[in-house]
Amino acid sequence: MILILKPGTPENEVAILRSKFESSGIIIQEIQGENTRMIGFAGDTSRITEDEVLVHPCVEKIMRVSEPYKLVNKKFHPTASIFDIMGRKIGGGNFAVIAGPCSVESEEQILSIAEDVKQAGANFLRGGAFKPRTSPYAFKGLELDGLALLEQARKQTGLPIVTEIMSSDYLEIFAEKVDIIQVGARNMQNFTLLRQIGELKKPVLLKRGLSSTIEELLMSAEYIMSGGTTQVILCERGIRTFETATRNTLDLSAIPVLHEKSHLPVVIDPSHASGYASLVAPLSLAAAACGADGLIIEVHNNPKLALCDGAQSIEPDLFADLMKKIDRVREAVK
Ligand code: PEP
Ligand code: MN
């Protein structure tokens, strides 16, 4: 971190600033330019907030030369992380597909879709038991009954289950029953929940917030990892822009950018990114071509009757066809 000081700063102000940061272990070096006096901070500056520095009236400007995150940072872990989750690998060239309905609706529905996505080659089963709905009157999931149905589907197919946690009330239950804990876009900055999830030391799928920057996503992953978890999968699921033709705008550039900055695997959610079933296949193929480590796709056996997100859910036949195309695209760009 480099601090540019205001011209004519009194020495006693600089001394106050120096002693405050030196006492917390920062090594300070003065840099004198022709007209500008600067101070360089070396050491672990990830804990220093800009506010703590700017509160000193002698500081004109701050420039960060290192990122505020460490555990997720590629600089400290130069090779891509590969996670082995119940025998399914993701990251570092291992591609994984998570598929299933938006919400678990019934035994017949989840068991039938689980079987179909497994046959098509999916690696994990998704399904919401606790749903974050914009309207308080919309279907909010089968909750604990939904979790039990997911467990039944796992038993029948062997597919590990991925499902969203909404409240810290269910931490223990999720720790016991769920294989990958999903943090939804709306909870990406629920820092207390992130920290508590991290303490469970279980694999986590962290979705990017609707209006969050890539750095904010990485800081949220850092929260989870600082709790103790080592396995965090980052998920780009579309961000809010001025465009209304799609539900959100898929930020494909997040894939290479995240890979440059972090060692964690990156998956793409073309379903929530687009909002339309017809766009799911082209966006999935683009993500595969762009280097994603996986996809999370909503699949429903009867989208017209789905209780949530039917318009963006693809049918099992299309999913099976898409899985073959993904393999071909990955082969082509290898
Ligand atoms: C979901 O995956 O079901 C979901 C609600 O996604 P998001 O949090 O990305 O909106
Ligand atoms: Mn959904």
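Rules of the game
- Residues numbered from 1 in each chain as written.
- Chains lettered and ligands numbered in written order.
- Predicted model: local features only at pLDDT ≥ 70, side-chain atom pairs only at ≥ 80, totals over all residues.
- Heavy atoms only, no water.
- Donors = N, O, S within 2.8 Å, 3.2 Å for Na, K, Ca; no water.
- Helix = DSSP H or I, 4+ residues; strand = E, 2+ residues; numbered from the N terminus.
- Buried < 20%, exposed > 50% of the residue type's maximum accessible area, 1.4 Å probe, protein only.
- Near = heavy atom within 4 Å.
- Polar contact = N/O pair within 3.5 Å; in protein donor to acceptor, adjacent residues only side chain to side chain.
- Areas by Shrake-Rupley, 256 points an atom, 1.4 Å probe, with all protein chains shown as cover.
- Patch = residues over 30% accessible without salt bridge, like charges linked within 9 Å, V, L, I, M, F, W, Y side chains within 5 Å.
- Salt bridge = Lys/Arg side-chain N within 4 Å of Asp/Glu carboxyl O.
- Lys, Arg positive; Asp, Glu negative; His and termini not counted.
- Charge placed at Lys NZ, Arg CZ, Asp CG, Glu CD.
- Pairing = 2+ DSSP bridges.
- Axes fitted to C-alpha atoms, helices over the stretch in contact; angles between N-to-C directions.
- Phe/Tyr/Trp six-rings, centres within 6.5 Å; stacked < 30°, edge-to-face > 60°.

Novice: Can you tell me about the coordination of the manganese ion (ligand 2), naming the residues and giving the values?
Specialist: Surrounding the manganese ion (ligand 2) are the protein donor atoms Cys102 (SG), His272 (NE2), Glu298 (OE) and Asp309 (OD), at 2.0 to 2.4 Å. The sequence pattern formed by the donor residues of the manganese ion (ligand 2) is C-x169-H-x25-E-x10-D. Pair noted here: Glu298 is in strand β14 (residues 294–298) and Asp309 is in the loop between β14 and α11 (316–333), with a separation of 11 residues, a long-range link. Accessibility expressed as a relative area gives 1% for Glu298, which makes it buried. A relative accessible area of 18% means that Asp309 is categorised as buried.

Novice: Tell me about the site of ligand 1, residues and numbers included.
Specialist: Contacts to ligand 1 come from Arg126, Lys131, Pro132, Glu164, Gln182, Gly184, Ala185, Arg186, Lys207, Arg237, His272 and Glu298. Arg186 has a polar side-chain atom sitting 2.9 Å from an oxygen atom of ligand 1. Contact with the protein chains removes 96% of the 300 Å² of surface that ligand 1 exposes when unbound.

Novice: Tell me about a negative patch on the surface, and name the residues and values.
Specialist: Taken together, Glu50, Asp51, Glu52 and Glu215 make up a surface patch of like negative charges. Sorting elements by how many residues they give to the negative patch places helix α2 (residues 50–54) first, with 3 residues. Mapped onto the elements of the fold, Glu52 is located in helix α2. For Glu52, a relative accessible area of 30% corresponds to the partly exposed category.

Novice: Can you tell me about the sheet that holds strand β7 (residues 96–100), naming the residues and giving the values?
Specialist: The strand order around the closed barrel built from 8 strands is β7-β8-β9-β10-β11-β12-β13-β14, with neighbouring strands paired in parallel fashion. Between one strand axis and the next, the sheet turns through 30° on average, direction left out of account. One ladder, built from 2 bridges, connects strand β13 (residues 266–268) with β14; its direction is parallel. Across the sheet, Val267 pairs through a bridge with Gly294, a residue of β14.

Novice: Before we move on, could you go through unusual backbone geometry and cite the residues and values that matter?
Specialist: The phi dihedral of Met86 falls on the positive side, at around 50°, and the residue is not glycine. Locating Met86 in the fold gives a position in the loop between β5 (83–85) and β6 (88–90). With relative accessibility at 48%, the residue Met86 sits in the partly exposed group.

Novice: Outline the packing of aromatic side chains, supporting the account with residue identities and numerical values.
Specialist: For the structure shown, the criterion picks out 4 aromatic pairs. On the numbers, 4.9 Å between centres and 45° between planes, the contact of Phe21 with Phe41 is tilted. Pair noted here: Phe21 is in helix α1 (residues 11–22) and Phe41 is in strand β3 (residues 37–42), with a separation of 20 residues, a long-range link. According to the relative accessible area criterion, Phe21 is buried, its value standing at 2%. Under the relative-accessibility criterion, Phe41 is labelled buried at 6%. Centroid distance Phe130 to Phe174: 6.0 Å. Interplanar angle 45°. Geometry classified as tilted. Here Phe130, found in the loop between β8 (124–126) and α4 (144–157), pairs with Phe174, found in helix α5 (residues 171–177); they are 44 residues apart in sequence, far enough to count as distant.

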